[in-house]
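Architecture at a glance
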Amino acid sequence: MKFHKRSIRLAGFYLIIIMVISIFFSANVYQLSVQELERGLRRTGQALNDPVNRTIPNRLRQQLFDEREELFKDAKERVAQRLLFTNLLILVGGGILSYFLALRTLKPIEEANESLERFTADASHELRTPITAMRTENEVALMNSKLTTLQAKKILQSNIEELDKLTDLMNGLLRLASLDKTQLQLKSIAVENLVQESVQRTLPLAEKKDILVTTKIGGPATVICDQTSIVEALVILVDNAIKYSPRKSEVSIVVRKSGKNTAIEVADKGVGIKATALPHIFERFYRADSSRNKQHANGYGLGLSIAKDIVALHGGDISVTSTPGKGSTFTVQIPTKQ
Ligand code: ADP
């Protein structure tokens, strides 16, 4: 409703501008036409008064004078009517055009606005949940007059865990906010190095779950990228692959050529993603149902949107294919250095 009202208001502004210009031109056209008509009137008047035309009888001359005046008035009226009609047409046409133009102008602003509102609501919800949990826990502990040191320590430990989650969330939010302003340090980097660094960074988590991370580099490939950012994106993908896989399974990273791009595939044999969830997993704060039920044990749904933004900054894209219960494959495509 607000959007509709805003569009109409903007269309009104556009229409006022169009009409001011149109009326200004019409007034000028009218003035010039009248001047021309008056000049014609004067010229015919002079012609009738010319001694050559003295032979014309007075009554006929008077009649010619009167007809001349009538014609002049008629022509003036017709010019005015035409201009009025043209302005009415411009008013109707301009009104419709202004409305569509206003819709086009406001649509992206409205979408950005809606996305910001959704983001703020989601972020506040995610922030409120651990804060409420901590508060309740502390209040219950305070009311317990027989609270033992062990119990107090347990509560403090739980508070620290919640604070760690909040820190993760804040870091994710800050990273998302800073992505637009990130100055990429672009350099030629061998894709193999990017993959190896990402594997190294995710090794502790893989070892914890006894997961084997294999790599296969299909020929040498170099990309122009900001190493830290691309490794960050790959770590998010490998991290997820491990997180959403059963113990003792395998995660594979394959690098291959894909037209002008280099494709880096991160495949797992984990829980997979439902077809209904697939179109949303790159949205901020989106978590597939299964992981949401685990109460943030697996994150806040910011990782993939950060990864996607990073890859997009490099002129690339991330896509995904998945079969529930069988596993998922995330493919990063970045332009290869020619
Ligand atoms: P999170 O921090 O919740 O993992 P992400 O943005 O990284 O957030 O991922 C969004 C959602 O996509 C996850 O909650 C999960 O449901 C799904 N997801 C991402 N990667 C995988 C994967 N490899 N296997 C199964 N589901 C995944």
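Being a predicted model, the structure only gives us computed values, none of them experimental. (Residues numbered from 1 in each chain as written. Predicted model: local features only at pLDDT ≥ 70, side-chain atom pairs only at ≥ 80, totals over all residues. Heavy atoms only, no water.)

1. A word on the environment of Lys187
Selection rule: Here a strand is any run of E in DSSP of at least two residues, a helix any run of H or I of at least four, and the numbering for each starts at the N terminus. When checking whether two residues touch, look at their non-hydrogen atoms; a contact exists if any pair is within 4.5 Å.
Locating Lys187 in the fold gives a position in strand S1 (residues 186–190). Taking the C-alpha atoms as reference points, Lys187 and Cys225, 38 residues apart in sequence, are found 5.5 Å from one another. With near-sequence residues (within four places) excluded, Lys187 lies in contact with Val223, Ile224 and Cys225.

2. Some remarks on the sheet that holds strand S2 (residues 212–217)
As a reminder, the rule being used: Strands are treated as partners if at least two bridges between them are detected by DSSP. Helix axes are fitted only over the stretch in contact, all axes being lines through C-alpha atoms; the angle between N-to-C directions runs from 0 to 180 degrees.
Here five strands make up an open sheet; going across it, the order is S2-S4-S5-S7-S6 and the pairing mixed. Whereas interior strands pair on both sides, the edge strands pair on one side only; in this sheet they are S2 and strand S6 (317–323). The sheet shows a mean angle of 15 degrees between the axes of neighbouring strands, direction not considered. Against the sheet, helix H4 (residues 191–208) makes contact with S2, strand S4 (250–258) and strand S5 (261–268), and its axis sits at roughly 175 degrees relative to S2, the strand it touches most. On the sheet, helix H5 (residues 227–243) packs against S2, S4, S5 and strand S7 (327–335) and is oriented at approximately 25 degrees with respect to S5.

3. Notes on the packing of H5 against helix H7 (residues 303–313)
Stated formally: Crossing handedness is defined as follows: a turn of the near helix away from the far one that is anticlockwise and smaller than a right angle gives a left-handed crossing, while the clockwise case is right-handed. Residue polarity follows a fixed list, in which Ala, Val, Leu, Ile, Met, Phe, Trp, Tyr, Cys and Pro are nonpolar, Asp, Glu, Lys and Arg are charged, and the others, Gly among them, are polar.
Contact pair H5 / H7: the axes reach a minimum separation of 9 Å and the direction vectors enclose 145 degrees. The handedness of the crossing between H5 and H7 is left-handed. Where H5 approaches H7, its residues Ser229, Ile230, Glu232, Ala233, Ile236, Leu237 and Asn240 are matched on the opposing element by Gly303, Leu304, Ile306, Ala307, Ile310 and Val311. Among the residues making up the contact of H5 with H7, the classes are represented as nine nonpolar, three polar and one charged.

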